[in-house]
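# Secondary and tertiary structure notes
Each chain, written out:
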Amino acid sequence: GQSLEQPSEVTAVEGAIVQINCTYQTSGFYGLSWYQQHDGGAPTFLSYNALDGLEETGRFSSFLSRSDSYGYLLLQELQMKDSASYFCAVLNQAGTALIFGKGTTLSVSS
Amino acid sequence: DTAVSQTPKYLVTQMGNDKSIKCEQNLGHDTMYWYKQDSKKFLKIMFSYNNKELIINETVPNRFSPKSPDKAHLNLHINSLELGDSAVYFCASSQGAGGTNEQFFGPGTRLTVL
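Residues numbered from 1 in each chain as written. Chains lettered and ligands numbered in written order. Predicted model: local features only at pLDDT ≥ 70, side-chain atom pairs only at ≥ 80, totals over all residues. Heavy atoms only, no water.

### Quick notes on the side chain of serine 61 of chain A
Residue and element names in this part refer to chain A. Relative to the helices and strands, serine 61 is located in strand 7 (residues 60-65). Taking the relative accessible area as the measure of exposure, serine 61 reaches 2% and is therefore buried. Residues in contact with serine 61, not counting those within four places in the same chain, are Leu54, Glu55, Glu56, Tyr72, Leu73, Leu74 and Gln76. (Helix = DSSP H or I, 4+ residues; strand = E, 2+ residues; numbered from the N terminus. Buried < 20%, exposed > 50% of the residue type's maximum accessible area, 1.4 Å probe, protein only. Contact = heavy atoms within 4.5 Å.)

Here it is in structure tokens:
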């Protein structure tokens, strides 16, 4: 089956850079996704990596190493509004639904 | 211009009751899902529905049944509610299940079973 590991909590200050790691074990791999969820809100898609390397989207970047079964989400120039939970996710073996990690709660302070 | 909508947003009910949660998407997607998020924020897939094919997570009790009247709707019916069913239920949709894995989530329904 699929399983993902990520840290439960990360804290940082405004303007800093933070990296949230994710390691996965999968039977079949279709790519690694990242989702953001604010308290009381719905998960929203941030990024997707199917191939090795770094994908950049504004202040957020996502990295994948398929040989290491590892990826990370990099958040730069942190803002208070970045305080949220961040989930890495992979498709299940059948490719029919997402399997999420347990989420990393990011707290950004001033 | 809501993409994925759910009703109700909050649902409080007694053990043993039967309830339904409705979900609609106006994105033209062909795949819809139901997820359960527990108090520890663990998001777990319950069902996916694509082109009339229902994929059930085997750990979901058969008290839960999804019903899709058409491609834009996937409702969730729950029989004989239990305390452990208390959670936030999210509906989501995507164009296919693969690709970029981008799924669009509804706002969630917070179910509280007393």
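The structure having been displayed, the exposition proceeds.
### Examining the pattern of salt bridges
Oppositely charged side chains are able to pair whenever their charged atoms sit close together. Taken as a whole, this structure holds 5 salt bridges over all chains when the rule is applied. For lysine 41 of chain B, the salt bridge identified is with aspartate 39 of chain A, shortest N-O distance 3.0 Å. Separated into two different chains, lysine 41 of chain B in the loop between strand 4 (31-37) and strand 5 (43-50) and aspartate 39 of chain A in the loop between strand 4 (32-37) and strand 5 (44-49) make up a pair that spans both. Assessed through its relative accessible area of 28%, lysine 41 of chain B is described here as partly exposed. Between aspartate 52 of chain A and arginine 66 of chain A there is a salt bridge, and its shortest N-O distance comes to 3.1 Å. (Salt bridge = Lys/Arg side-chain N within 4 Å of Asp/Glu carboxyl O.)

### A few points about the nonpolar core
Residues Leu4, Leu32, Trp34, Leu75, Leu78, Tyr86 and Leu106 of chain A are the most contacted members of the largest nonpolar core, which totals 21 residues. Within the residue set of this core, elements represented by two or more residues are strand 2 (9-13), strand 3 (18-25), strand 4, strand 7, strand 8 (70-75), strand 9 (84-91) and strand 11 (104-109) of chain A. Among all residues touching leucine 78 of chain A, those that are not within four sequence positions of it are Ala12, Val13, Glu14, Gly15, Ala16, Val18, Arg59, Leu106 and Val108 of chain A. Counting residues in each nonpolar core, the second largest holds 20 residues, with Val4, Tyr49, Cys91 and Val113 of chain B among its members. (Core = buried A, V, L, I, M, F, W, Y, C linked by side-chain atoms within 4.5 Å.)

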